[in-house]
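# Observations on the three-dimensional arrangement
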Amino acid sequence: MKTCLLLITRSIMNWPASAIRLASVTFLSGTLLGLTTACEKANDLGLELPGTSPINSNYRDFPVTAYTVRQQPVETIKADHFLVGRVADTKIGVTTAKSFLNVQIGMPSDSLPSKYTETKLDSVVLSLGFDQVYGTATRPLRLDLLQLQQPLGERTVYNSQSQVATGSPLISDFAGVLNRDRSVRQVVAGSTTDSITVRVPDRVIRMRLLRYPQAAAFATTAFAALNEASFDQARLDAVVKGLAVTPTANAQTEDNLVGFSRNFDTRLAFYFHGKASGKTVSTRHVYAIYFGNNPTQLPADAKFFTQISTTLAQPLSGLATPFQQVPASATGGETYLQEGVGLGTRIEFQGLDDLKNNGQLNIGLAELRIPIKQYTNGLFPYASSVYLQEVNAANQVLIRTVGATDYERLIQVENSSTGAVPPTSVGTPAAATLYPSYSQPQYYTVPLTSYLQSYLLNRLGGELPSGLILSPILRNNPSLTLNRTTLDASGIKLRVYFSQLK
């Protein structure tokens, strides 16, 4: 009884003001017998819509057919992280990430070596700050450092599949330690003078370039340019061109893949001695150049991207090119969502014809429930958000044109702070909510009431989609991770609450 009351209350609270009715053909009695229902007469519960006959409130779970889909290449340019490494897992295969970085003038011009006399280069350190580790942190990340043959093009579009020419390695097979600690001084709580030394994780990989012959030659050439009075960004591009940070080619390690953040820990620093104007004593100074994270420059001025490739394991090897799909029946009833790699899950609803053209039916609430396979986030965290793309039979995202601009068709939020959002709008995509649970498998859910009503009435404006792709990626979102969710494909359901007029 309580369950039924809850269902009816949710149903009525979500009815449109006009109590939308889907027009003409009645449910077959056999269809009604197959419904999963929770029913009571509305009048028995004290619930009655003005001007209507008594009603029954029901719900039905519509199953889906699910596939793992390879989406189009991921836009990794100017993301909030760049990824480097190689990691293997039994479900998907071996994923390799390489990063290609243009450089930016960093500190103010009065900090340049050219502002000092009798300069002497002491050290050059490439620092890479990280906050994501996929795989083990107990083994080092094995790296190669190379220079780009040409700076990344200002008008060239780069994505996860782009190729860039590099020169010979400046450093080969460098061991980047991922589990080092460092000592810091902290003030004792409640005191303004007392402090203690504590150990904290050191999340920075540091390469001291002067220790390696090829890198030392590169560093001293760059330092000579910094000493030029006319030094500017164009001169920096001509001398440095850009850097590539890749997993080592000398040993096919598959231990880890690391996400480097664009903060002040990520920079190329030149430490030197020099005399300031009018001074007779040489003092130590530092000048740093950055990789798209210089706060004095606009993000649009930066250029960098991550190349991501995956050697897919069976049976997902059928996803070698974009838009291909593999049915859940071939992957043990599982499908996958993964950022970076570009995996999504295509779903096709079954049985929706039963809801069409029924003059006695009011849809009160529809929601998509997407269960997660338990204990599958050991290597990759679950994707935090999932979006729903409308696609055609070839898994290509449908396009909606607004004015002179084309937008990918994404299911929109049901309501926003400004009110109801039409399903044919753009700009407010609905993100499925991840529900944590300790007593049952976690799941995503997203409301689809308005969308389903428009779909059944063929009012989506344009081509009717043949399916939806659950995707963890928004093309205008700068986030870049390898987060992955394994879905229990057989449990994905479209639950529809409705009322049947007597």
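Now for a description of the structure that goes with this document. Positions within a chain are numbered from 1, following the residues in the order the chain's sequence is written. Only residues with pLDDT of 70 or above have their local features reported here, since the model is predicted, and side-chain atom pairs are shown and tallied only from 80 upward, although totals for entire chains, interfaces and linings are computed over all residues. Note that the side-chain values use all heavy atoms of the structure and ignore hydrogens as well as water.

## Describing the pattern of salt bridges
- Here a salt bridge means any side-chain nitrogen of Lys or Arg lying within 4 Å of a carboxyl oxygen belonging to Asp or Glu. For the structure on display, the rule yields 15 salt bridges.
- Across the pair Glu334 and Lys91 runs a salt bridge, and its minimum N-O distance is 3.2 Å. Of this pair, Glu334 sits in strand E16 (residues 334-338) while Lys91 sits in the loop between strand E2 (81-89) and strand E3 (93-101), placing them 243 residues apart in sequence.
- The classification of residues rests on relative accessible area computed with a 1.4 Å probe and restricted to protein chains. Under 20% of the type maximum is buried, over 50% is exposed, and intermediate values are partly exposed. Take Lys91: its relative accessible area is 35%, and that puts it in the partly exposed class. Strands are runs of DSSP state E lasting at least 2 residues, helices are runs of H or I lasting at least 4, and numbering of each runs from the N terminus.

## Quick look at the nonpolar core
- One finds Ile205, Leu209, Phe260, Leu268 and Phe270 to be the most contacted residues of the largest nonpolar core, which totals 45 residues.
- With seven residues, the single largest contributor to this core is helix H3 (residues 213-226).
- In what follows, residue pairs with any heavy atoms lying within 4.5 Å of each other are defined as contacts. Excluding its chain neighbours within four sequence positions, the residues that come into contact with Ile205 are Leu126, Ser127, Leu128, Phe130, Leu141, Leu143, Phe174, Gly176, Val177, Leu178 and Phe260.
- If you look at the next biggest cluster of nonpolar residues, it comprises 37 residues, including Leu355, Leu368, Leu448 and Ile492. Working definition of a nonpolar core: buried Ala, Val, Leu, Ile, Met, Phe, Trp, Tyr and Cys residues. They are joined through side-chain atoms within 4.5 Å.

## Brief notes about helix H5 (residues 449-456)
- For H5, the tally of buried residues reaches seven of eight residues, placing the bulk of the element in the interior.
- Listed as buried for H5 are Thr449, Tyr451, Leu452, Gln453, Ser454, Tyr455 and Leu456.
- Immediately beyond the C-terminal end of H5, within one or two residues, lies Asn458, with a positive phi of roughly 55°.

## So, the packing of H3 against helix H4 (residues 233-240)
- Relative orientation of the contacting elements H3 and H4 amounts to 160°, with a least axis distance of 10 Å. On the basis of their axis angle, the class for H3 and H4 is roughly antiparallel. With respect to the hand of their crossing, H3 and H4 are arranged in right-handed fashion. Only Arg235, Val239 and Val240 of H4 make contact with H3, whose side of the interface consists of Phe218, Thr221, Ala222 and Ala225. To define axes, lines are fitted to C-alpha atoms, for helices over the stretch in contact only, and angles between the resulting N-to-C directions are given on a 0 to 180 degree scale. Orientation is classified from the angle alone, with under 35 degrees giving roughly parallel, over 145 giving roughly antiparallel, 65 to 115 giving roughly perpendicular, and any other angle giving oblique. Crossing chirality is assigned from the near helix's rotation relative to the far helix, an anticlockwise turn below a right angle marking it left-handed and a clockwise turn marking it right-handed.

## Structural notes on the environment of Ala313
- Tracing the chain through its elements places Ala313 in the loop between strand E14 (304-312) and strand E15 (325-327).
- With relative accessibility at 22%, the residue Ala313 sits in the partly exposed group.
- When the C-alpha atoms of Ala313 and Asp89 are compared, they prove to be 9.0 Å apart, with 224 residues separating the residues in sequence.
- Once residues within four sequence positions are removed from consideration, Ala313 is found in contact with Thr90, Ile92 and Gly93.

## Focus on the pairing of strand E11 (residues 255-261)
- Among the seven residues in E11, six count as buried, and that is most of the element.
- DSSP calls a pair of strands paired once it identifies at least 2 bridges connecting them. Summarising the sheet, E2 and E11 pair through seven bridges and their orientation is antiparallel. Each residue of the ladder has a partner; that of Gly85, found in E11, is Leu257.
- In the sheet, strand E4 (residues 117-135) pairs with E11 via five bridges, with the strands oriented antiparallel. Within E11, the residue paired with Gly135 across the bridge is Asn256.

## Notes on the packing of aromatic side chains
- Two rings from Phe, Tyr or Trp (for Trp, the six-membered ring) form a pair when their centres are within 6.5 Å of each other. A pair whose planes differ by under 30 degrees is stacked, one over 60 is edge-to-face, and the rest are tilted. Applying the stated criterion across every chain, the model contains 12 aromatic pairs.
- Plain terms: the ring middles of Phe223 and Phe272 are 5.8 Å apart, the flat faces sit at 50° to each other, and that makes the pair tilted. Within this pair, whereas Phe223 is found in helix H3, its partner Phe272 is found in strand E12 (residues 267-275), the two being separated by 49 residues in sequence. The two residues Phe223 and Phe272 agree in class, both being buried.
- Joined through ring pairs, the aromatic side chains of Tyr116, Phe223, Phe270 and Phe272 make up one cluster.

## What to know about H4
- When we look at burial in H4, the residues that qualify are Leu236, Val239 and Val240. Buried residues of H4 fall within an arc of 80° about the axis and therefore sit on the same side.
- On its buried face, H4 sits against strand E5 (141-148), H3 and strand E13 (283-289).
- Capping the start of H4, Asp232 holds a side-chain oxygen 3.3 Å from the backbone nitrogen of Ala234, two or three residues further along.
- Following H4 by one or two positions, Lys241 has its phi on the positive side, about 70°. Arc definition: directions from the helix axis to the C-beta atoms. Any N or O atom pair separated by 3.5 Å or less is treated as a polar contact, with the protein-specific requirement of one donor-capable and one acceptor-capable atom, and with residues adjacent in sequence counted only for side-chain atom pairs.

## A closer look at the pairing of strand E19 (residues 386-391)
- In terms of residue burial, E19 counts as a mostly covered element, since six of its six residues are buried.
- A two-sided burial pattern is seen for E19, the buried positions comprising Val386, Leu388 and Glu390 on one face and Tyr387, Gln389 and Val391 on the other.
- Pairing analysis gives two bridges linking E19 to strand E24 (residues 431-435), with the strands arranged antiparallel. In the strand pairing of E24, Tyr387 is matched with Ala431.

All we've got here are geometric facts, nothing functional implied.
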